[in-house]
Amino acid sequence: MKRKILVLALFILVQLGVAQEKPNIVLLFVDDWGWADVGFRNPKFHTPNIDQLKKDGLNFERAYIATPTCSPSRASLLTGKEPVRFQLVRHIIDNKEKVAQNNVAGDEFNLWPTDPVQMPSRNWLPLEEVTYAEKLKEFGYYNMFIGKWHLGGEKYHPIHQGFDAQYGTGDHGHPGDYYTPFFKTGNPLPEIKEGAYLTDVLTKGTEKFISEYDRNQPFMLSLWYYNVHGPHIGRRDWVEKYKNEGLTGKDAQYAAMVSAMDESVGRVRKALEDKGITDNTVIILLSDQGGYFSNAPLSGGKIGGNTLGEGGARVPFIVYYPGVTTANTTTEVPVQSIDIFPTLVEIASGKKSKDKGVNGKSLLPLFEAKDIKNRNLFFFRSYEDQYTAIMNGDWKMVKYHSGRHDLFNIKNDLGESRNLMDIEVDRAKRMEKQLEKWEKKAVPRF
């Protein structure tokens, strides 16, 4: 009901020449930012701007990435599909020597030395895959991309995937340094002066886009940070602040990176406010996978063989949709990043997405404080023994190539410390069959 009233009000304003009908959308996508690495969950981190965004919007306590790895996480966000379905299951290798050692015929795919089944993984996002930028363009949106891409070389950059313009985007998955010159080769920001910090540069580019935007159409702005991916080099002023509070080494560097990213969130919101479009702009903030360091109280993380654990697959996710989401609310409903594509389509068009092959479901009902149907969520990994998982409500099963299965009740066992396979036998059998059925449909045979 709230959304219908908002749409009607905007329609009236459009007729009066006061406002555009469709909301602008800002998608802030952070790299390797752990679920617990934010002030409202861990006071170790200073994140006042993200804390405020949570107070203003809707916080998803249980948001997950279908394949928690750099490139697949980006592909799933863009397409609304589980990336295993189009064989993009690992990060795209940007080192020529490594590609030569692990390539498959034609260089379209690569292999990974420790993958037990040697599954091929694509070296770029196929151009035929439909991105949210291409869909939103159909509904009159101008699409701007800023920051990290990691979905293929220049031929596969954002401007070839539906985006109208890009800034700060190169072929690399991470910078060599967060201070200039950022990248040793293929630097997309060669004009930036010495001493600049990468996150600040991208933020300034974002502020410039917002302040100068003068098109008579809504925009979709995607700011995909390189932060907080390694190398862990924090902005120096923040590093000193954290050291003064007792942090040392990489802990201080990483915390400083988080705070620099938080500052960026605040600056983007301020730019929207200065432009006078805050009330007609949706803000979405999430991470691409769990953190590199400790993700306590969750188990697992980016590295260590347990990336499908809560610490690797669960991420921060906040949405602020003025007039639709209710301030300072939280939902415990499990959702995935693949849900963002159909959600964007519904926001932009006012109609549910009917795109063929999209695995996600629109989150608009949750925005409006309604329920959505319980469903199975599926996960995939292609580096080591651990490789698939299924989640239904509070229950999660993880499967390994070696034959091992783990069953956890996430609500009662957040740290996944108690395997219930031999206790919840009927449930385990049922979920195992559901997972196997999904595997037959989703995982390519090669």
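Preceding this section is the structure that the text describes.
Please read these numbers as outputs of a predicted model, since none were measured by experiment.

## As for the sheet that holds strand 7 (residues 165–167)
Strand pairing in a sheet relies on backbone hydrogen bonds. The paired strands run either parallel or antiparallel.
Stage number 1. Taken in spatial order, the eight strands make up an open sheet running 7-6-8-1-9-11-2-12, and their pairing is mixed. Taken across any chain shown, the strands that pair with only one partner, and hence form the sheet edges, are strand 7 and strand 12 (329–331). Direction aside, neighbouring strands of the sheet carry axes that sit 15° apart on average.
Stage number 2. Packing against the sheet, helix 2 (residues 48–56) makes contact with strand 2 (58–60), strand 9 (281–287), strand 11 (317–320) and strand 12, and its axis sits at approximately 60° to strand 11.
Stage number 3. Helix 3 (residues 70–79) contacts strand 1 (24–30) and strand 8 (219–224) of the sheet and is inclined by roughly 165° relative to strand 1.

## Re the sheet that holds strand 3 (residues 63–64)
Stage number 1. Spatial ordering of the open sheet is given by 10-3-13, a layout of three strands whose pairing is mixed. Taken across any chain shown, the strands that pair with only one partner, and hence form the sheet edges, are strand 10 (314–315) and strand 13 (335–336).
Stage number 2. Of the strand pairs in this sheet, strand 3 and strand 10 are connected by two bridges, and their pairing is antiparallel. What sits directly across from Ala 63, in strand 10, is Val 315.

## Here's the deal with the pairing of strand 1
In regular strands, side chains alternate between the two faces of the sheet.
Stage number 1. For strand 1, a buried count of seven out of seven residues is recorded, marking the element as mostly surrounded by other parts of the structure.
Stage number 2. By the alternation rule, side chains of strand 1 split into Asn 24, Val 26, Leu 28 and Val 30 and Ile 25, Leu 27 and Phe 29, which are all buried.
Stage number 3. Note: strand 1 against strand 9, seven bridges, orientation parallel. What sits directly across from Leu 27, in strand 9, is Ile 284.
Stage number 4. The sheet contact formed by strand 1 and strand 8 spans five bridges and is parallel.

## So, the side chain of His 232
Stage number 1. Locating His 232 in the fold gives a position in the loop between strand 8 and helix 7 (236–244).
Stage number 2. Judged by relative accessible area, which is 9%, His 232 ranks as buried.
Stage number 3. What His 232 contacts, discounting residues up to four positions off in sequence, is Lys 250, Gln 253, Tyr 254, Met 257, Tyr 292 and Phe 293.

## As for the packing of aromatic side chains
Stage number 1. Scanning the model with the defined rule gives 27 aromatic pairs in all.
Stage number 2. Above the plane of the ring of Tyr 179 lies Arg 236, whose end atom (NZ or CZ) is 3.7 Å from the centre.
Stage number 3. The ring centre of Trp 238 lies 4.5 Å from the NZ or CZ of Lys 241, which sits over that ring.

Conventions used here
- Residue numbers run consecutively from 1 along every chain, following the written order of its sequence.
- With pLDDT at 70 or above as the cut-off, local features in this predicted model cover only qualifying residues; side-chain atom pairs require 80 or more to be listed or tallied, and sums for whole chains, interfaces and linings still use all residues.
- Side-chain calculation: all heavy atoms of the structure are included, whereas hydrogens and water are not.
- DSSP calls a pair of strands paired once it identifies at least 2 bridges connecting them.
- Helix and strand assignments come from DSSP, with helices taken as H or I runs of at least 4 residues and strands as E runs of at least 2, each series counted from the N terminus.
- Orientation is described by axes fitted as lines to C-alpha atoms, over the contacting stretch for helices, and by angles from 0 to 180 degrees between their N-to-C directions.
- The contact definition used throughout considers only heavy atoms, calling two residues in contact when any of these lie within 4.5 Å.
- Exposed residues in this analysis have more than 50% of their type's maximum accessible area, buried residues have under 20%, and partly exposed residues fall in between, with area computed by a 1.4 Å probe over protein chains only.
- Only the six-membered ring of Trp is used, alongside the rings of Phe and Tyr, when aromatic pairs are assigned; centres must lie within 6.5 Å, and planes under 30 degrees apart are stacked while those over 60 apart are edge-to-face, with the rest tilted.
- Note on geometry: a ring has a charge over it if NZ (lysine) or CZ (arginine) is within 6 Å of the ring centre and within 35 degrees of the ring normal.

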